[in-house]
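Coordinates in review
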Amino acid sequence: MSNDLFQSHDYYLVDELLSEEHILVRNTTREWVKREVTPIIEEYAQRAEFPAHLRKGLAEIGAYGPFIPQEYGGAGLDYISYGLMMQEIERGDSGIRSTCSVQSSLVMFPIYKYGSEEQKRKYLPRLASGELLGAFGLTEPNYGSNPGGMVTHFKDMGDHYLLNGSKMWISNAPICDIAIVWAKNEEGRIHGLIVERGMEGFSTPETKNKWSLRASSTGELVFDNVRVPKENLLPGRSGLGAPLSCLDSARYGIAWGAIGVALDCYDTALRYAKQRIQFDKPIAAFQLQQKKLAEMITEITKAQLLAWRLGTLRNEDRATTAQISMAKRNNVEMALRVAREARQILGGMGITGDYPIMRHMMNLESVITYEGTHDIHLLITGADITGIPAFK
Ligand SMILES: Cc1cc2nc3c(=O)[nH]c(=O)nc-3n(C[C@H](O)[C@H](O)[C@H](O)COP(=O)(O)OP(=O)(O)OC[C@H]3O[C@@H](n4cnc5c(N)ncnc54)[C@H](O)[C@@H]3O)c2cc1C
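Residues numbered from 1 in each chain as written. Predicted model: local features only at pLDDT ≥ 70, side-chain atom pairs only at ≥ 80, totals over all residues. Heavy atoms only, no water.

What about the nonpolar core?
Rules: Buried Ala, Val, Leu, Ile, Met, Phe, Trp, Tyr and Cys residues that are joined via side-chain atoms within 4.5 Å together make up what is termed a nonpolar core. Per-residue accessibility, obtained with a 1.4 Å probe over protein chains only, is compared with the maximum for each type, and a residue is labelled buried under 20%, exposed over 50%, and partly exposed between these values. Starting at the N terminus, helices and strands are each numbered in turn, a helix being any DSSP run of H or I of at least four residues and a strand any DSSP run of E of at least two. Contact criterion: two residues are considered in contact whenever any of their non-hydrogen atoms come within 4.5 Å of each other.
Counting 99 residues, the largest nonpolar core has L58, I89, I111, L127 and W182 as the members making the most contacts within it. Counting residues per element, this core draws most heavily on helix α6 (residues 241-275), which supplies 19 residues. Residues contacting L58, with those up to four places away along its chain left out, are W32, A63, Y64, I89, I96 and C100. Grouped together as the second largest cluster of nonpolar side chains are 19 residues, L163, C176, A183 and F223 included.

Remarks on helix α9 (residues 357-367)
With 8 of 11 residues buried, α9 lies mostly within the body of the structure. Three or more residues of α9 are buried, namely I357, R359, H360, M361, N363, L364, S366 and V367. If you follow the buried residues of α9, they end up packed against α1 (20-47), α3 (79-92), α4 (94-114), α6 and α8 (321-345).

Digging into the packing of aromatic side chains
Using the following cut-off: Whether two aromatic rings pair depends on their centres lying within 6.5 Å, for rings of Phe, Tyr and Trp, where Trp uses its six-membered ring; planes under 30 degrees apart make the pair stacked, over 60 edge-to-face, and the rest tilted. Here, a charge over a ring is recorded when the distance from Lys NZ or Arg CZ to the ring centre is within 6 Å and its angle to the ring normal is within 35 degrees.
One pass over the full model with this rule turns up 13 aromatic pairs. With 6.2 Å between their ring centres and 80 degrees between their planes, Y79 and Y82 make a pair best called edge-to-face. Here Y79 pairs with Y82, and both are found in helix α3, just 3 residues apart, close to one helical turn. With respect to class, Y79 is no different from Y82; both count as buried. Between F202 and F223, the aromatic rings sit 5.6 Å apart at their centres with planes inclined by 10 degrees, giving stacked as the arrangement. Here F202, found in strand β6 (residues 202-203), pairs with F223, found in strand β7 (residues 218-229); they are 21 residues apart in sequence, far enough to count as distant. With respect to burial, F202 and F223 carry one shared label: buried. Across from the ring centre of Y44, 4.6 Å away, lies the NZ or CZ of R47, which sits over that ring. The side chain of R314 reaches across the aromatic face of Y252, ending 5.9 Å from its centre.

Observations concerning the layout of surface pockets
The cut-off we apply is this: Space inside and on the surface of the protein is sampled on a 1 Å grid over the protein atoms alone, with a cavity defined as a set of points where a 1.4 Å probe fits but cannot get out and a pocket as an open set with protein on both sides within 12 Å along at least 5 of 7 lines; lining residues have an atom within 4 Å of a point. Grid points are joined across faces, edges and corners, and a volume is the space filled by probe spheres set on the points. In this count, Pro and Cys sit with the nonpolar residues alongside Ala, Val, Leu, Ile, Met, Phe, Trp and Tyr, while Asp, Glu, Lys and Arg are called charged and the others, Gly among them, polar.
A volume near 1200 Å³ is recorded for the largest pocket. Lining the largest pocket are 40 residues, and of these T139, G144, Y370, E371 and G372 sit closest to its centre. Elements with a minimum of two residues in the lining of the largest pocket: α4, β3 (160-171), α6, α9 and α10 (374-386). A per-element tally of the lining of the largest pocket places α6 first, with 6 residues. Counted by class, the lining of the largest pocket contains 15 nonpolar, 17 polar and 8 charged residues.

Some thoughts on the site of the ligand
We apply this condition: Here a residue is considered near a molecule or strand provided that any single heavy atom belonging to it is located within 4 Å of it. Polar contacts here mean pairs of N or O atoms no more than 3.5 Å apart (in protein, one a potential hydrogen donor and the other a potential acceptor; neighbouring residues in sequence count only if both atoms are side-chain atoms). In this description, accessible areas are obtained by the Shrake-Rupley approach with a 1.4 Å probe, and a residue is regarded as covered only by the protein chains that are shown. Any molecule with more than half of its atoms within 2 Å of a cavity's or pocket's grid points is counted as sitting in it.
Taken together, 18 residues are adjacent to the ligand, and T139, S145, W169, T373 and F391 come closest. T139 has a polar side-chain atom sitting 2.7 Å from a nitrogen atom of the ligand. Protein contact buries 68% of the 970 Å² of open area that the ligand shows by itself. Of the pockets mapped on this structure, the ligand occupies the largest pocket. Every element with two or more residues in the shell around the ligand is listed here: β3 and α10.

Below you can see the structure in the form of structure tokens.
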């Protein structure tokens, strides 16, 4: 799909709620995606390959750590700008957005929040410039929705830590330069460690045969007696709350990113429905197709307002974990429904790579599962409103 005809849709004039800076960031990212991502993404997804040459361009548009202060190499933007960037990048492809989310929210965010001054100065500027690419290791083969049960652990050996265990389903793993790894100490307390490629005993085998997020590189992190220098432990926070706070930041970005996918599917379906003639009329003239399109734009509009309000709360440091869960869950499900309806509007053409819908739809099957599954986010809302956690 090299000819990107995408036009955005703003049914409730949400743009009027944005600042000039937000619109500038959004439009710059949109133009970059049209120029750099759309022309190549289908081929990379078909080949199941991450377009590594985009690394530099993503850094240049400020997509790595947009909310990190400029003194550490970030763009110093607010959370609405971050959200809009994720929206535009995911409009291109969820896999590319995943790379940015991991780098920004799951690698730069914990180093910025919980790292020492030396760690911030050593890693953040190089992550922002794209010189280093990061991964975030929380999920394990036997601990997905229940990461607190993790068995990856480290021992204090006096002058270093000895790390053992493995992580699974890790975005960027095969291509990462560093990984934030969550592991238990001898007392069973969870800490974050910065593990660098090249440390002996550290390997990152690739996960093959994915039908989803094919343009994103996924793999394992395996630790076989890895000697981690003591200065690589994140000193600022320990316990499960530390990785979960990073997930809040990433889930927030996903709530926006999903809108990008939905907009792309809706826009494609609307244009197609106006042009495709059946029974001597454009199919857009039939009530059944109008119902699909009308419901799509209604749901997209609701999601835009939800994301904007959440962004405002996050800028004020008032967005709760449960509010973020609600937006991630709602917006991803909304995007998946929009993608499914859009695919039907395109009939047989909807299953081809000539249009982005099928790729988006398959990508969303990962997005609805990672960063907390659809079910888990519902349980987070349930626990929040009743005060009774129903996880076990
Ligand atoms: C492409 C991709 C990229 C990923 N990237 C990363 C990454 O970079 N870093 C990382 O750490 N992880 C990553 N993940 C892992 C992801 O976060 C997990 O897959 C997710 O948390 C779910 O864990 P699981 O797959 O083990 O499923 P499980 O936890 O086994 O869940 C299976 C099913 O059981 C349900 N379930 C589980 N517990 C409950 C309960 N208490 N009540 C009701 N239902 C329940 C779930 O909702 C789900 O439907 C990635 C996953 C994918 C697919």
